Amino acid sequence: MKKIIVSILSLALTLCASAQVKVSDDRISVNTGGMSLILNARQGQPLRFVYFGARLSDADAEAIQFSGSRPMNAYPSYGQGEIREDAIAVTHADGNMSLDLAVESVATDSTKDADILAVTLKDKVYDFRVKVFYKAFRDVDMIETWTEIFNDAKKPVVLRKFDSAFLPVRVGDVWVSHLYGTWANEGRLVEEPLNRGILRIENKDGVRNAHTSHAEIMLSLDGKPSENTGAVIGAALCYSGNYHLDLVTNDSDYHRLFAGISADNSSLTLGKGESFRTPELALTYSDEGLSGASRNFHNWARAHKIMHGDKERMILLNSWEGVYFDINEPGMDQMMADIAGMGGELFVMDDGWFGDKYPRLNDTSSLGDWVVDKNKLPNGIQGLVDAATRHGIKFGIWIEPEMANTVSELYEKHPDWIINAAGRDVVKGRGGSQVVLDLGNPAVQDYVFGIVDGLMTNYPGIAYIKWDANMSVSSHGSSYLPADRQSELNIRYHQGFASVCDRIRAKYPDLVIQACASGGGRASYGVLPWFDEFWVSDNTDALQRIYMQWGTSYFFPAITMASHISAVPNHTVHRVTPIKFRIDVAMSGRLGMELQPKDMTEAEIAQCRQAIADYKSVRPVVQFGDIYRLVSPYDGLGIASLMYCSKDKSEAVFYWWRIDNLYDNHPPRVKMAGLDPDRMYKVVELDKAPGRPLSFEGKSFSGSFLMNNGLEMPFGFSDDMMGYSSRVLHLIAD
Ligand code: DGJ
């Protein structure tokens, strides 16, 4: 590991600090293959933002000047010069509420994957420092930025605001794309122009930070967002807890993005010598439109940000919608046999398997008592692991380790372990008795780690954990934190969560873990460093999933999106869609099943068996390929379509879904993207519908034809398709 520390005083010489970070006099450029971030760092002066966007040549990086009417600090602080929006605000021990940060030193560092710039800013009067970091990856177009805040003074400092980063974006016809939603409707896309005022995207759930707003945005710089053309900046805050992303547009000639942990009711005290590290904001840039920015996010995620990003995901059956709490040994065995018979690779036993004194018969009790219910499972978990082995598949299990019910042995023993304001009624959630454990408390951290450790030690055959979280922090109070640190509750919770996850990953690096949080509440880069995937939504309706998965794909690759074939009428929206449509939607993510196989017809089982075999044949393309979104469901054209192309463009998988059922409505022919124009691609339909062959099945077309014309998808109004016709094509280069 190379480390160069450079005092700005000694920067008379031009230095080339590392491949990605170049320091030349006051000018610093932080580069990836396709992006540059330019700063000015003159000692004794604020760190200045100059440019962020497409990669600049060295000459341009030297010559370029900030184009705004007023210089902009790269990390604005409150109280001296800046008194409007700021990235950091503190109160010193003497009551002074201002900061005046100036460059003290510049350092660079290298890791296996990236080069890191660290600029140390020091207050001109107080013993207070902020280190601003920029980490530029060598193999992907992503720069992560964060800060570390140090109190070097003898007395405590209160942090009133502590953002990860600030980014100015030149005013123009700039649009923002972001996700919002609620339970059963996560990841819905909203696209809007940036107008005067403040657009605040925030989440204050306390536990699950992606059900409603998402901590990721894209900014289309060339007007209304377009999928495959135009300049786009992407930003994702990598934090599991409460956050805000503010887009401030006022009289300045820049929109200003501030992103970080939500400081609302969460001020932090730094004692003498203490420091605080803010979460990373990941920044990308693409001139290939929204899909280009998505590809950058996906490449970065698989290579650097999600657990096991280079490993194919197993095809599974989850028991929840099939049996809900009605867990029993013969039932689990039958489900294992059925998924194995269809070619699946994993069975996951969901909620309902635990509880001794208080058996988990429904959601009113037992969270916290992670012992097997012997009445339901006389041979325990080992019996199920053995059964899975007999069926030739892996076994997975559901837990909700951050939670308890007040009706549980755990709560009887440790009523002080829950989050709740002192002296007030206990606020209860799901089932009228759910409570959140205080993960800021090290004893609780040990207990939560012990749940996973206990399961894995006793049953090393467990291959997969579905980690659920079904409650918000709903009362503010910790019996662990001292009176003067109660405001730190939310932040300490997520530090505790990170520390437990670190311990689990240190001991169980191969375990597959799904982040579920009442559905998609943890679709977040704040949790994916430890988790392999997330449950996109409890809503498994194929039609609504097209919308949710479309939005989610802006930021998250298919490998992270658990997408299951479920029964009809759908359990959430009661819609009936054909089995083919349900399969074709689930096949665009990490394929799984969420139903009772014994209720399926022979024909449905045969079709799922075929679809699972088909999915296996294209799994690497779907899970590791480049996404090209083609026709958005949000555009009201009656169809939605996207495709994944392998990196070498030798294969692609094309999806086409008819999403409305109006006569005389002519959906557009879809032009493909991402192919090699000069190669010929043979078309093979996947999940073929009986009796509906495509006229071009087995024929070859040039990439250029497919991208300039596309193939005409037949559709009809037959009873069995109910308007929801769909097609999945495998394109194989000759
Ligand atoms: C909420 C999850 O989202 C569901 O998939 C299921 O695991 C239930 N919890 C179990 O209680």
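Further up the page is the structure itself.
None of the values given here were measured: they were computed from a predicted structure.

A. Geometry of the pairing of strand β19 (residues 243-249). Across the seven residues that make up β19, a large majority, seven, are buried. Every second residue of β19 is oriented toward a common face, with Y243, L245, L247 and T249 on one face and H244, D246 and V248 on the other, all of them buried. With seven bridges joining them, strand β16 (residues 197-203) and β19 adopt antiparallel strand pairing. Directly across from I198, in β19, lies its bridge partner V248. Pairing geometry for β19 and strand β20 (residues 254-261), over six bridges, is antiparallel. Residue pairing for β20: V248 is matched across the bridge by R256. If you look at the hairpin formed by β19 and β20, you'll find four residues sitting between the two strands.

B. Representation of the site of the ligand in the model. Close contacts around the ligand come from 13 residues, with D350, D351, K466, D468 and D538 the closest. In this structure, D468 approaches the ligand through a side-chain N or O atom, which is 2.7 Å from a nitrogen atom. For the ligand, an oxygen atom lies 2.4 Å from a polar atom in the side chain of D538. For the ligand, the protein covers 98% of the area, taking 290 Å² as the surface of the free molecule.

C. Geometry of the side chain of H730. Along the chain, H730 turns up in strand β39 (residues 726-733). For H730, the side chain forms a polar contact with the side chain of E651, separated by 2.6 Å. Ignoring sequence-local partners within four residues, the contact set of H730 consists of S617, V618, E651, A652, K682, V683, V684 and L686.

D. Quick peek at the sheet that holds strand β24 (residues 316-318). Read once around its circumference, the closed barrel built from eight strands follows the order β24-β25-β26-β29-β30-β31-β32-β33, with strand pairing classed as parallel. If you compare each strand with its neighbour and ignore which way they point, the axes differ by 30° on average. Two elements, strand β32 (residues 561-566) and strand β33 (residues 590-594), share five bridges in a ladder whose sense is parallel. Bridging across to β33, H564 finds its partner in G592.

E. Representation of the pattern of salt bridges. Summed over the entire model, instances satisfying the criterion amount to 44 salt bridges. With a shortest N-O distance of 3.1 Å, R208 and D205 are connected by a salt bridge. The same class applies to R208 as to D205, namely buried. One continuous salt-bridge network, built from bridges that share partners, spans R200, E202, K204, D246 and D264.

F. Expanded view of the nonpolar core. Counting residues in hydrophobic clusters, the biggest one holds 135 residues, and the most contacted among them are W353 and I462. Sequence-distant contacts of I462, defined by excluding residues within four places in its chain, comprise I381, V385, F395, I397, L455, M456 and L511. Core analysis: the next-biggest nonpolar cluster, separate from the first, contains 69 residues, I28, L167, A259 and L268 among them.

G. Seen up close, empty space enclosed by the protein. Counting across every chain of the model gives eight cavities of 30 Å³ or more. Approximately 90 Å³ is the volume found for the largest cavity. Lining the largest cavity are 14 residues; nearest its centre among them are A74, Y134, T145, A165 and F166. Looking at the lining of the largest cavity, the elements with two or more residues in it are β5 (35-40), β11 (128-137) and β13 (157-170). It is β13 that provides the largest number of residues to the lining of the largest cavity, a total of five residues. A breakdown of the residues in the lining of the largest cavity according to their chemical character gives twelve nonpolar, two polar and no charged. Roughly 80 Å³ of volume is contained in the second largest cavity.

H. Summary view of helix α5 (residues 380-391). For α5, which comprises twelve residues, the first-to-last C-alpha distance of 17 Å matches the rise-based estimate of 16 Å (1.5 Å per residue) to within 8%. For α5, every residue scored as buried is listed here: G380, I381, G383, L384, V385, A387 and A388. Those residues of α5 that are buried are in contact with α4 (329-341), β25 (346-349), β26 (394-399), α7 (442-458) and β29 (462-467). Positive phi appears at G392, one or two residues downstream of α5, with a value of about 80°.

I. Layout of the packing of helix α9 (residues 542-553) against helix α10 (residues 579-586). With their axes 9 Å apart at the nearest point, α9 and α10 run at an angle of 20° to one another. Between α9 and α10, the crossing angle belongs to the class labelled roughly parallel. Note on packing geometry: the crossing formed by α9 with α10 is left-handed. Counting all contacts with α9, which are made through A542, L543, R545, I546 and Q549, the residues of α10 involved are F581, R582 and V585. Of the residues contributing to the contact of α9 with α10, the split by class is five nonpolar, one polar and two charged.

Calculation criteria
Residues numbered from 1 in each chain as written. Predicted model: local features only at pLDDT ≥ 70, side-chain atom pairs only at ≥ 80, totals over all residues. Heavy atoms only, no water. Buried < 20%, exposed > 50% of the residue type's maximum accessible area, 1.4 Å probe, protein only. Helix = DSSP H or I, 4+ residues; strand = E, 2+ residues; numbered from the N terminus. Pairing = 2+ DSSP bridges. Near = heavy atom within 4 Å. Polar contact = N/O pair within 3.5 Å; in protein donor to acceptor, adjacent residues only side chain to side chain. Areas by Shrake-Rupley, 256 points an atom, 1.4 Å probe, with all protein chains shown as cover. Contact = heavy atoms within 4.5 Å. Axes fitted to C-alpha atoms, helices over the stretch in contact; angles between N-to-C directions. Salt bridge = Lys/Arg side-chain N within 4 Å of Asp/Glu carboxyl O. Core = buried A, V, L, I, M, F, W, Y, C linked by side-chain atoms within 4.5 Å. 1 Å grid on protein atoms, 1.4 Å probe; cavity = no way out; pocket = protein on both sides within 12 Å on 5 of 7 lines; lining within 4 Å. Points joined across faces, edges and corners; volume = space filled by probe spheres on them. Nonpolar A, V, L, I, M, F, W, Y, C, P; charged D, E, K, R; others polar. Expected span 1.5 Å × (residues − 1). Parallel < 35°, antiparallel > 145°, perpendicular 65-115°, else oblique. Left-handed = near helix turned anticlockwise from the far one by under 90°.

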